Amino acid sequence: MNIEEIYSRFLEYPSISTDSRNILPNSLFFALKGPNFNGNQYAAEALDKGAAFAVVDEAQYAVNDRTLLVPDVLKFLQDLATHHRRQSKATIIALTGSNGKTTTKELISRVLERTYKTQATVGNLNNHIGVALTLLQIRKDTEMMVVEMGANHQKEIAFLCALAEPDFGYITNYGKAHLEGFGGVEGVIRGKSEMYDYLIGEGKTIFLNADDPIQRKKLESYANTVGFSTSDPGYFRIENQGADPFVTLKIEDTIIETSLSGAYNFSNCAIAALIGKHFNVPLPEIRKAIESYVPENNRSQLLRKGSLDILLDAYNANPSSMSAALEHLKALEAPKKFAVLGDMFELGADSVSEHQQIAEQAQSLDLDTLILVGNAFSETTVDAHRFKTFEALVEFLKSNPISGPGTILIKASRGMALERLKPYL
């Protein structure tokens, strides 16, 4: 079937399902394939569970008029998403970067929805499937759509931009994330910059942090940029009022007091404010939107347990974000300071050296207690409590509890799931 035929069915049944275990009523089921599954095999089950149609790419499963045969289900899903995006009048703002994407996406969408009918990527559906699903959620009345894009190798952001065709874009930062896939830090810079390479075209605009030297250097010859800075009068001025414990910023005569811990979140708040100003959202509304955002899902959360303040940032980690979190801990005023750091993943050949550098940085803070956990951190050579497994760490904490008054940083890659420590503090 061609794109127009299936698009007409999508307009009638605009819900998309890709998992036969969770079928939305009257949805289109796309039979995606993976290394260990073939969605075609579940097409009949999806129809039995209430899907209106099933899109398949193997003829043997196209058994009735409710199964729609296409050459490649994944490519067709992506083509359908681009086709739907082109029918919409919504402005697409794309977002990528090594750290802070999801928090920044939430802040931007909070600001824009004060004035516009706004949608944004749900959760972190930011890959080649997630971006397509996000675009297919655009409604007729949507005015602004904020699309998060993730990547772990070259050409991925370029592909996602071709898929979403954004009008505006922003890169949060260039950090030491996914070094294995990108081929080192320079590879990260090239890979993330594919978004700005796409946006240099006519009628498109690049948002930037003018205080980021990498962005400034790459964009100094581009005309279509709108940026913020804490000091450069050539860009929109946003003052950093500190982060002890929460980020505070000043725009003109307006003070914005956030619920985000970590000085590294200043730029995330600043870009949301800049984008709001660019689209004429009133400054009082920008302030209300940013101040109303309360982090969750183990991202930059500040929790209190007894007399212990917990900086819980255990959703993800890489050397750049880990270093920034340690610098934030260093700057805080607290009677005692503690840190539990877990392994950082996807660093490839740089893993040993990067873990050692972070361990040494943590050691230099002269913390009251420093705990390192995971295969990589346990092999570092610093004066710290080191454990290969989470279970070994828990046994240690049972007989050596950490208690306040004081502040503890908990940070690691998602696979370490260090939020499990909360009951043991």
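Keep in mind it's a predicted model, so treat the numbers as computed, not measured.

**Notes on the overall build of the protein**
Assigned secondary structure in the protein consists of 15 helices and 22 strands. Computed over its C-alpha atoms, the radius of gyration of the protein comes to 23 Å, within 12% of the 22 Å expected for a compact globule of 425 residues. Put simply, the protein has 425 residues, and 55% of those count as buried. Considering only intrachain contacts with a sequence separation of at least 6, the fraction spanning at least 24 residues in the protein is 62%. Total accessible area on the protein stands at roughly 18500 Å², and carbon and sulfur atoms take up 47% of it.

**Here we look at the packing of aromatic side chains**
What describes a pair of aromatic rings is the distance from one ring centre to the other and the angle between the planes of the rings. By the definition in use, this model includes seven aromatic pairs. Where Phe387 meets Phe396, the ring centres are 5.2 Å apart and the plane angle is 45°; that geometry is what we call tilted. In this pair, the class of Phe387 matches that of Phe396, namely buried. Of the aromatic side chains, those joined through ring pairs into one cluster are Tyr116, Phe168, Phe207 and Phe279.

**A closer look at the sheet that holds strand β18 (residues 308-313)**
Strands sit in the order β17-β18-β22-β19-β20-β21 across an open sheet of six strands; the sheet is mixed. The strands lining the two open edges of the sheet, one partner per strand, are β17 (301-305) and β21 (385-387). Pairwise comparison of adjacent strand axes, ignoring direction, gives a mean angle of 15° for this sheet. Relative to strand β20 (residues 369-373), strand β19 (residues 337-342) runs parallel, the two being bridged by five bridges. Among the inter-strand pairings, Ala339 is bridged to a residue of β20, identified as Leu370. This element, helix α13 (residues 319-331), spans β18, β19 and β22 (406-411) of the sheet and lies at about 170° to β19.

**Here we look at the environment of Arg85**
One can find Arg85 in helix α3 (residues 73-87). Owing to a relative accessible area of 8%, Arg85 belongs among the buried residues under this scheme. Linking Arg85 and Thr389, residues 304 residues apart in sequence, is a C-alpha distance of 46 Å. Residues in contact with Arg85, not counting those within four places in the same chain, are Ala90, Ile92, Leu135, Ala164, Glu165 and Asp167. Here Asp167 takes part through its side chain, which lies 3.2 Å from a polar atom of the side chain of Arg85.

**Overview of the pairing of strand β10 (residues 168-171)**
Here β10 shows no split at all, with Phe168 and Tyr170 on one side and Gly169 and Ile171 on the other all buried. When strand β7 (residues 91-96) meets β10, the two strands line up parallel, connected through four bridges. Directly across from Leu95, in β10, lies its bridge partner Tyr170. Pairing geometry for β10 and strand β11 (residues 205-209), over two bridges, is parallel. Across the sheet, Gly169 pairs through a bridge with Ile206, a residue of β11.

**Structural notes on the confidence of the model for the protein**
On average, the protein scores 91 in pLDDT, and the residues at 70 or more come to 97%. When the elements of the protein are averaged for pLDDT, helix α7 (residues 179-182) gives the smallest value, 60, and strand β9 (residues 144-148) the largest, 98.

**Describing the nonpolar core**
Within soluble globular proteins, side chains that are nonpolar generally end up buried alongside one another. One finds Met149, Tyr196 and Ile290 to be the most contacted residues of the largest nonpolar core, which totals 79 residues. If sequence neighbours within four positions are ignored, Ile290 has contacts with Leu107, Val111, Ile256, Thr258, Cys269, Ala272 and Ala273.

**Thoughts on the packing of helix α4 (residues 101-112) against helix α12 (residues 283-292)**
Put simply, α4 and α12 touch, their axes get as near as 8 Å, and they point 140° apart. In terms of orientation, α4 and α12 fall into the oblique class. Crossing of α4 over α12 shows right-handed handedness. Judged by residue contacts, Leu107, Arg110 and Val111 of α4 engage Ile286, Ala289, Ile290 and Ser292 from α12.

**Re the environment of Phe53**
When you line up the elements, Phe53 lands in strand β5 (residues 53-56). Separated by 184 residues in the primary sequence, Phe53 and Arg237 have C-alpha atoms spaced 52 Å apart. Residues contacting Phe53, with those up to four places away along its chain left out, are Arg9, Tyr13, Ser27, Leu28, Phe29, Leu47, Asp65, Arg66 and Leu68.

How each quantity is defined
- Residues numbered from 1 in each chain as written.
- Predicted model: local features only at pLDDT ≥ 70, side-chain atom pairs only at ≥ 80, totals over all residues.
- Heavy atoms only, no water.
- Helix = DSSP H or I, 4+ residues; strand = E, 2+ residues; numbered from the N terminus.
- Rg over C-alpha atoms; globule rule 2.2 N^0.38 Å.
- Buried < 20%, exposed > 50% of the residue type's maximum accessible area, 1.4 Å probe, protein only.
- Contact = heavy atoms within 4.5 Å.
- Areas by Shrake-Rupley, 256 points an atom, 1.4 Å probe, with all protein chains shown as cover.
- Phe/Tyr/Trp six-rings, centres within 6.5 Å; stacked < 30°, edge-to-face > 60°.
- Pairing = 2+ DSSP bridges.
- Axes fitted to C-alpha atoms, helices over the stretch in contact; angles between N-to-C directions.
- Polar contact = N/O pair within 3.5 Å; in protein donor to acceptor, adjacent residues only side chain to side chain.
- pLDDT = per-residue confidence, 0-100.
- Core = buried A, V, L, I, M, F, W, Y, C linked by side-chain atoms within 4.5 Å.
- Parallel < 35°, antiparallel > 145°, perpendicular 65-115°, else oblique.
- Left-handed = near helix turned anticlockwise from the far one by under 90°.

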